[in-house]
Every structure is written in structure tokens, then in C-alpha cells.
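Structural overview for review
In case you want the letters, here they are:
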Amino acid sequence: MISKTRTVWQLFGPLRQSALSAVLLPCLITAQSSLAAPAGKTLMSRGQVVATATDSEAQRALKRRSPVFDVDVVNTGQQSNAQLRMQDGALIALKENTQLIISEYSGSSEEDGSVVMELVTGGLRTITGKIKGNKDNYQLKTPVGSIGIRGTHYEVEWQGDTLLLAVWDGTIEVSVNDQPLLLGQEGNYSFASVSQSGEVTTLLAPPQQLSRLTPPSQATSSDSEPDAQTDQSDTSSGLDETASESTSLAIAQAPVATTPTSQQAFETALPDVGRDISDNDFISEESLDTFGVEPIEDLIAERTGTALYTVLERSEFSSSAGAVSDIQMQISVDFDTGTVPQGVLSFSDPQGEWFAAFNGLIDANGMTLGVNFASHGQNLAEGTIETLFSDELSKLRGSFNLNEIDQPDVTASGLFTLSQP
């Protein structure tokens with residue numbers, strides 16, 4: 001009887017060990033990640049999106065609702081991208097061929113929060129959360145310098161040997177060769193490029209080299225699952241360290257499925273990160289411009305009275321006739337009637353004053369506006385203006401294009417951010 005028992009164990013021992021490994025391996029990998037502090041979670045991922053824990057070298061594929069930790073190196077491959085919601089409510093959208101090191105992400109407010117990340121390759125666009133201030137509590141390192149914020153929405157991308165910067169709202173401070181560069185509301189420019197040697201070139205418009213968040217092939221193929229991982233039969237052995245080359249990924253094992261217990265513990269440990277995304281679409285660049293904690297239609301429905309937006313926080317205007325000056329703008333919004341009763345824009349160039357009057361309606365996404373009258377000096381003009389709410393309706397962000405009717409090649413255009421007094 002004893003010998004039979006031994007024989008059975010000898011026969012099925014390897015099978016038991018294999019089955020036991022299959023059960024315990026995901027748990028061990030999850031346990032390794034759970035030792036680190038939670039930094040956020042994955043809203044969406046497309047293609048090859050992998051997190052590597054620096055404390056254990058364990059790799060895991062990031063899918064929708066997968067946690068990210070303060071020891072993770074997040075990589076996106078070719079034709080891949082991801083969006084992360086961090087524990088303070090910040091939203092980080094990673095472009096393709098990006099490597100982001102999350103060294104520290106603790107706390108959930110400006111008083112007790114601390115963020116240290118590093119962009120090694122690729123690019124990202126982010127709307128910062130509750131953790132903001134100076135470089136003492138928020139720091140994004142790049143190959144040519146580090147970035148501190150003062151409550152903002154900005155984009156950064158490393159291309160070859162050049163860092164491209166765009167500030168859509170707020171202010172960032174870039175430390176280049178120990179010299180501060182202010183971009184955005186508190187600076188003279190909102191856009192710039194920085195060479196590897198530290199040479200700064202300020203720009204009047206966003207850098208044309210900035211790539212979109214979603215690769216063109218993904219934008220045209222809506223049938224694919226947003227969190228599906230591209231199965232590459234021919235994977236490379238690691239990551240290219242050359243910044244100018246594409247990053248290829250090697251996934252060491254199958255995606256790790258977080259157990260319900262671990263998932264519940266993670267959700268409990270992670271502070272409130274605001275409204276999640278319930279559909280299966282990525283947040284587009286246009287939606288990022290106005291992304292808030294609550295749906296914009298809910299905020300509009302709750303708002304009453306009339307708001308006057310007169311403080312021009314940001315203006316990037318240009319004219320084919322030359323330099324622009326004397327910029328003035330205001331927009332009146334009536335939330336009770338759902339209308340924009342009056343909007344006025346004026347500025348001057350060497351050939352005279354540009355003037356535009358407009359009005360419109362509030363809709364679920366923001367506003368639908370029409371230009372009623374426009375002129376340039378003594379000449380009639382025409383054009384369009386687009387405006388959206390941001391920062392929970394406290395600001396308006398938009399753009400305009402104007403041209404003379406009789407001489408269409410005489411044009412003016414610009415970007416603006418308006419807030420209430």
C-alpha cells in the first residue's frame with residue numbers, strides 16, 4: 001500500500017508542481033507589485049503597454065483598470081498608447097514609443113503630495129491633479145532638464161535630440177542648464193523647443209513636430225478592442241536605449257490578472273481619482289482640452305445665472321500684416337437661457353484694428369458660436385470662432401480664424417484662454 005502511494009506521487013508529482021506553479025505564479029507577481037505604493041490605474045491601453053517593476057524586474061501588460069505603482073517603468077510600443085489616472089486625479093496620456101519612469105507618486109494634495117517621474121523617450125500630455133506647486137513636490141525629469149508645474153495642462157515630447165514643449169493652460173517651469181524657463185500663463189511664451197545642448201527656442205505656435213496621442217492607423221481602425229494587447233511573435237530582447245530609435249517591447253510572461261481580493265485592496269488604498277471613463281474610447285486630444293472631474297453637461301445643468309469671462313490668461317495671436325497688439329476680449333454666458341448673448345474680440349496690427357462680434361448657444365460639449373460682424377481697418381471681414389469650457393466652467397479655451405472678404409489672403413488667427421475676474 002505504501003509503495004502504491006509512492007508510485008502515485010511519483011507519477012503525478014510533476015503535474016502537481018506544474019499546476020501549483022500556474023496557480024501561485026500570478027499571485028506571487030501580484031504580491032510583488034502590491035508591496036509598492038499605488039500611484040494610479042490604467043484608464044485605457046492599446047497595443048503593447050507594459051509596466052516593469054524596478055524592485056523585482058517583473059513585467060506585466062497594462063490593460064483597462066490595471067494598477068500602476070511608484071516603482072513602475074511604463075513602456076508603450078510602436079502604434080501603442082495608454083492613458084493613466086493618477087491618485088491625485090491627474091490624467092497622463094502616453095504616446096507611442098514612450099518610456100515613463102514613475103519614481104514617486106504619494107499623497108493626494110499640494111500640501112502632502114510628492115511626484116517624481118522621468119520621461120526617457122517618447123511623449124506625453126497631462127492634465128495635472130491636486131499635487132502641484134513647485135519642484136519640491138512635482139518634478140518631471142527629461143533628457144535636457146526637469147519640469148515643475150503650477151497647476152497646468154501641458155505636453156512634452158522627446159524627439160531625436162530635441163525636447164518639444166506646449167502649455168495649453170497654466171504654467172510650467174523648465175530647468176535648463178540650471179536656468180528657469182517659464183512657459184504658459186506666467187511666461188512670455190506657451191511653446192518652445194530645447195536642444196540636447198540646452199539651447200532654447202521659443203515659439204508663437206505649437207511645435208509642428210508634436211505627434212498626436214493616437215497613431216493614425218489606430219484612429220482609422222475603431223473595430224479593435226482598446227485594451228487588446230498586440231501579440232508579437234517576433235519580440236526583441238529588450239528596449240532600445242537610443243532616444244532617436246523606436247522602442248520595442250519584450251513581454252516576459254502573460255498578462256497578470258489581478259485577483260478580486262487584490263483589486264479590492266488596491267481600490268481601497270487608492271484615494272478618489274474622480275470620474276472614470278465608462279465607454280471604450282480613448283479620450284481624444286480635443287476632449288483632453290476640456291476634461292473635468294464631472295461630465296461637462298452635468299456642470300452646465302447645475303450652473304445658474306450669467307458669467308462674464310474677461311480675464312485673458314493666454315493669447316497666442318498672429319496676423320499676416322505683422323505684429324499684434326492691444327488685445328481685448330470678453331464673452332458673456334447666460335446659463336439660465338443656455339445662450340452666449342455677446343462676445344467681442346479686438347486687436348491691432350500695422351494695417352489697423354481687427355474686430356469681431358459673435359454670439360451663440362451652449363451645448364453639451366461647450367458652445368456653438370457664429371461671427372455676426374467682423375472687420376479689419378475699413379475692410380469687412382469674416383471668420384469662425386470655437387470655444388469650449390474648461391476647469392469646471394471657470395475658464396473658456398478656444399481659437400479663431402479671420403480673413404478680409406475682398407482680400408482673403410489678409411488673415412489673422414489665434415488661441416486664447418479666458419477666465420472670470
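Report on the accompanying structure. (Residues numbered from 1 in each chain as written. Predicted model: local features only at pLDDT ≥ 70, side-chain atom pairs only at ≥ 80, totals over all residues. Heavy atoms only, no water.)

Here we look at the overall build of the protein chain
- Helix and strand content of the protein chain: five helices and 26 strands.
- The proportion of buried residues among the 421 residues of the protein chain is 47%.
- Excluding contacts between residues fewer than 6 apart, the proportion of contacts in the protein chain whose partners are at least 24 apart in sequence is 53%.
- About 20200 Å² of surface is accessible on the protein chain, with carbon and sulfur atoms providing 49% of the total. (Helix = DSSP H or I, 4+ residues; strand = E, 2+ residues; numbered from the N terminus. Buried < 20%, exposed > 50% of the residue type's maximum accessible area, 1.4 Å probe, protein only. Contact = heavy atoms within 4.5 Å. Areas by Shrake-Rupley, 256 points an atom, 1.4 Å probe, with all protein chains shown as cover.)

A closer look at the sheet that holds strand β23 (residues 366–376)
- The antiparallel open sheet is built from nine strands, whose spatial order is β18-β20-β21-β22-β23-β24-β25-β26-β19. Of all the strands in the sheet, just β18 (306–309) and β19 (311–319) have a single pairing partner and so form its edges. Within the sheet, the average angular offset between the axes of one strand and its neighbour, ignoring direction, is 15°.
- Pairing of strand β25 (residues 395–404) with strand β26 (residues 411–419), which is carried by nine bridges, proceeds in the antiparallel orientation. From the neighbouring strand, Gly398 faces β26, where its bridge partner is Phe416. (Pairing = 2+ DSSP bridges. Axes fitted to C-alpha atoms, helices over the stretch in contact; angles between N-to-C directions.)

What to know about the environment of Asp406
- Relative to the helices and strands, Asp406 resides in the loop between β25 and β26.
- Spatially, the C-alpha atoms of Asp406 and Asn379 are 7.8 Å apart, while their sequence positions differ by 27 residues.

Some points on unusual backbone geometry
- Positioned with a positive phi, Asn177 is a non-glycine residue whose angle comes to about 50°.
- Structurally, the position occupied by Asn177 is in the loop between β14 (171–176) and β15 (179–184).
- A relative accessible area of 51% means that Asn177 is categorised as exposed.
- At Asp326, a residue that is not glycine, the phi angle is positive and equals roughly 55°.
- With respect to the helices and strands, Asp326 occurs in strand β20 (residues 325–334).

Quick word on the environment of Phe358
- Within the element layout of this structure, Phe358 appears in strand β22 (residues 352–363).
- For the pair formed by Phe358 and Val371, sequence separation is 13 residues and the distance between their alpha carbons is 4.3 Å.

Observations concerning the side chain of Asp88
- Structurally, the position occupied by Asp88 is in the loop between β6 (81–86) and β7 (91–94).
- Asp88 gets classed as buried once you look at its relative accessible area, which sits at 3%.
- At 3.0 Å, the side chain of Asp88 and the backbone nitrogen of Ile131 are in polar contact. (Polar contact = N/O pair within 3.5 Å; in protein donor to acceptor, adjacent residues only side chain to side chain.)

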